[in-house]
Amino acid sequence: LGILYGAGPYLPGLLGAAVLYVVSVPVYRRLTRHMRDAWAALIITLSVAVLIVIPVTWMVAIALEQAPDALSALTNSDAFAHLSTLRIGPLDVGAQLSKISEVGGAWASRQALAVVGSVTRAILNLLIATVGLYYLLQAADSLWQRVRPVIPFSTDGAEALRERFGMVTQATLIGMVATGIAQGATVGVAFWLVGLSNPVVWGTATAVASIFPILGSALVWGPGVIVLVVGHRYSAAIILGLVGGIIASNIDNVIRPLVYRRVSGVHPMATLVGAFAGVELMGLAGLLLGPLAISY
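Note that this is a predicted model, so its numbers are computed, not measured. (Residues numbered from 1 in each chain as written. Predicted model: local features only at pLDDT ≥ 70, side-chain atom pairs only at ≥ 80, totals over all residues. Heavy atoms only, no water.)

S.K.: Please give an account of the overall build of the chain that cites residues and values.
M.R.: Along the chain, the regular secondary structure elements total twelve helices and zero strands. For the chain, the succession of helices and strands along the chain, N to C, is α-α-α-α-α-α-α-α-α-α-α-α. The 296 residues of the chain split such that 33% are buried. For the chain, the accessible surface area stands at approximately 17,100 Å², while carbon and sulfur atoms represent 71% of it. (Helix = DSSP H or I, 4+ residues; strand = E, 2+ residues; numbered from the N terminus. Buried < 20%, exposed > 50% of the residue type's maximum accessible area, 1.4 Å probe, protein only. Areas by Shrake-Rupley, 256 points an atom, 1.4 Å probe, with all protein chains shown as cover.)

S.K.: Explain the packing of aromatic side chains residue by residue, including any values.
M.R.: Inspection of the entire model under this criterion finds one aromatic pair. Aromatic pair Tyr134 and Tyr135: ring centres 5.1 Å apart, planes at 80°, arrangement edge-to-face. Overall, Tyr134 belongs to the partly exposed group, its relative accessible area being 22%. (Phe/Tyr/Trp six-rings, centres within 6.5 Å; stacked < 30°, edge-to-face > 60°.)

S.K.: Quick one: what's the story with helix α6 (residues 155-193), residue by residue and with numbers?
M.R.: With 39 residues, α6 should cover 57 Å at 1.5 Å per step; its first-to-last C-alpha distance of 57 Å lies within 8% of that length. Within two residues after α6, Gly195 carries a phi angle of roughly 85°, on the positive side. (Expected span 1.5 Å × (residues − 1).)

S.K.: With reference to specific residues and values, describe the packing of α6 against helix α9 (residues 234-247).
M.R.: Look at α6 against α9: their axes get within 10 Å of each other, and the N-to-C directions meet at 170°. Viewed along their axes, α6 and α9 adopt a mutual orientation that is roughly antiparallel. Residue-level inspection shows Thr186, Ala190 and Phe191 of α6 in contact with α9, the latter providing Leu240, Val243 and Ile247. Partitioned by chemical class, the residues of the contact of α6 with α9 number five nonpolar, one polar and no charged. (Axes fitted to C-alpha atoms, helices over the stretch in contact; angles between N-to-C directions. Parallel < 35°, antiparallel > 145°, perpendicular 65-115°, else oblique. Contact = heavy atoms within 4.5 Å. Nonpolar A, V, L, I, M, F, W, Y, C, P; charged D, E, K, R; others polar.)

S.K.: Could you give an account of the environment of Pro199, naming the residues involved and the relevant values?
M.R.: Among the secondary structure elements, Pro199 is positioned in helix α7 (residues 199-209). Given a relative accessible area of 22%, Pro199 falls into the partly exposed group. Those residues within four positions of Pro199 in sequence are excluded, and the remaining contacts are Gly188, Phe191 and Trp192.

S.K.: Go over a nonpolar patch on the surface, please, and point to the residues and values.
M.R.: Taken together, the side chains of Val50, Leu51, Ile52, Ile54 and Val56 define a hydrophobic patch exposed on the protein surface, amounting to about 450 Å² of accessible area. Tracing the backbone through its elements, the reader meets Leu51 in helix α3 (residues 37-75). (Patch = residues over 30% accessible without salt bridge, like charges linked within 9 Å, V, L, I, M, F, W, Y side chains within 5 Å. Salt bridge = Lys/Arg side-chain N within 4 Å of Asp/Glu carboxyl O.)

S.K.: Tell me what's going on with the confidence of the model for the chain, and back it up with residues and numbers.
M.R.: Taken residue by residue, the chain gives an average pLDDT of 76. The fraction at 70 or more is 74%. The least confident element of the chain is helix α4 (residues 78-84), whose mean pLDDT is 59; the most confident is α9, at 86. (pLDDT = per-residue confidence, 0-100.)

S.K.: Break down the pattern of salt bridges for me, with residues and values.
M.R.: Considering all chains together, one arrives at one salt bridge under this definition. Between Arg148 and Glu159 there is a salt bridge, with the nearest N and O atoms lying 2.7 Å from each other. With Arg148 in the loop between α5 (93-147) and α6 and Glu159 in helix α6, this residue pair connects regions lying eleven residues apart in the sequence. Judged by its relative accessible area of 28%, Glu159 falls in the partly exposed class.

S.K.: Tell me about the side chain of Asn125, and please be specific about residues and values.
M.R.: Looking at the secondary structure, you find Asn125 in helix α5. Taking relative accessible area as the criterion, Asn125 reaches 5% and is therefore assigned buried. In contact with Asn125, not counting residues within four places along its chain, are Pro9, Tyr10, Leu11, Pro12 and Gly13.

S.K.: Could you give an account of α9, naming the residues involved and the relevant values?
M.R.: Between its first and last C-alpha atoms α9 spans 19 Å; for 14 residues at 1.5 Å apiece the expected length is 20 Å, and the two agree. Packing partners of the buried residues in α9 comprise α6 and α8 (218-230).

S.K.: Hey, could you go over the environment of Ala218 for me, with residue numbers and the actual values?
M.R.: Structurally, the position occupied by Ala218 is in helix α8. Using a relative accessible area of 22% as the deciding quantity, one classes Ala218 as partly exposed. C-alpha of Ala218 to C-alpha of Val187: the two residues are 31 residues apart in sequence and 9.5 Å apart in space.

S.K.: Quick rundown of the side chain of Thr186? Include the residues and the values.
M.R.: In this structure, Thr186 sits in helix α6. For Thr186, a relative accessible area of 18% gives the class buried. Setting aside residues up to four positions removed in sequence, Thr186 forms contacts with Val243, Ile247, Ala248 and Ile251.

Structure representation (structure tokens):
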């Protein structure tokens, strides 16, 4: 019980190994036709590390490094200075915004350490998932033979469940990741083109926000348009609005149907509730694992 309790924070890593297995096992099967199982598992694991672990760690490190500068540049920008003098009738909107920014800055400073700890744990879970993938690829068949008798279905029913599990995992995970990368890259490039600072940070934020339905990437590029308008950069605001509203916001309408053609699409409410509940239970990894759990 003590070991289980101590391993609780790293449960997302163990679950992530199963998710990575489902996504990579078709390639593993092809490789085992030409080489030993251990070598095939090693190649798959190293490929996952190169394609997922290293880029994600690099992006997170850059985002953490640039986030304070991005917030500081926002609060010290000309657009924010214009907003601080804004009045609507008798209401001093600028003064209220200044108070909100001060409170928000103090809150962000208090939460910085917690955010770093959460990110560090997420990276550790990603490493655990990668290492777990290596062993799971070699032992998955024997493990399934021991688990299948416990499942209260017939042999055919258990195999159908296993196949459905794989299909839902592939469709949900690939759809979410592909959409996040596409929207994050689009908004990040758009921020760079219009001259907004820290495009890597806001591109990463867009990739995370794309998981949430309804607004999604608009949570990032929308405020960017407002900052440009307040700063009297109307041409740049129009460009960012067009890129965000036409391209970034509609990328998922192209990618998700292509991915979900094998299985029924996940309802947006499942994604929304799953993401919030997943973060509450499992930290950053819950952004992906939460919607997957509801999909199952």
